[in-house]
Amino acid sequence: QVQLVESGGGLVQPGGSLRLSCAASGSTSSISVMGWYRQAPGKERELVASITDGGDTNYADSVKGRFTISRENAKTTVYLQMSSLKPEDTSVYYCKVQTSSGSGIHECWGQGTQVTVSS
């Protein structure tokens, strides 16, 4: 079992920057993919960025060039560096990890952290 705790959300002005972090605990050795999703009111949850064990990254077109996902070598913490923030980036951001073990493939979600971009 993996537990995820997000932090770093808050209020930021347009054009500003914010860094989110997600700390994983528990059976972290089973984590194969770590990523960030977001869901705004009335909208579907969407993938923002992900990173694999091999270091391959994937970004939504809307954030490419502005956001950067990274992780510690131990793969216990994943970060999302957000720059040039826009009001449309306002959302609840969720950390998600994919785990692979003898019990199968599972998804684990964090509780979410609110990011608000407003002047």
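Anything mentioned here points back to the structure above.
Residues numbered from 1 in each chain as written. Predicted model: local features only at pLDDT ≥ 70, side-chain atom pairs only at ≥ 80, totals over all residues. Heavy atoms only, no water.

Let's talk about the overall build of the protein
So, point 1. Per the secondary structure count, the protein includes 0 helices and 11 strands.
So, point 2. Secondary structure of the protein in N-to-C order comes out as β-β-β-β-β-β-β-β-β-β-β.
So, point 3. Relative to the 2.2 N^0.38 estimate, which gives 14 Å for 119 residues, the radius of gyration of the protein is 14 Å and therefore close to what a compact globule would have.
So, point 4. Reported as C-alpha extents along the three principal axes, the dimensions of the protein are approximately 50 × 25 × 20 Å.
So, point 5. A buried classification covers 41% of the 119 residues belonging to the protein.
So, point 6. When the accessible surface of the protein is totalled, it reaches about 6,100 Å², and 46% of it is carbon and sulfur. (Helix = DSSP H or I, 4+ residues; strand = E, 2+ residues; numbered from the N terminus. Rg over C-alpha atoms; globule rule 2.2 N^0.38 Å. Buried < 20%, exposed > 50% of the residue type's maximum accessible area, 1.4 Å probe, protein only. Areas by Shrake-Rupley, 256 points an atom, 1.4 Å probe, with all protein chains shown as cover.)

Remarks on the side chain of Thr113
So, point 1. Along the chain, the position of Thr113 falls in strand β11 (residues 113-117).
So, point 2. With relative accessibility at 11%, the residue Thr113 sits in the buried group.
So, point 3. In terms of polar contacts, Thr113 uses its side chain to reach the backbone amide nitrogen of Gly9, at 3.3 Å.
So, point 4. Setting aside chain neighbours within four positions, we find Thr113 in contact with Glu6, Gly9, Leu20, Ser91, Val92 and Tyr93. (Polar contact = N/O pair within 3.5 Å; in protein donor to acceptor, adjacent residues only side chain to side chain. Contact = heavy atoms within 4.5 Å.)

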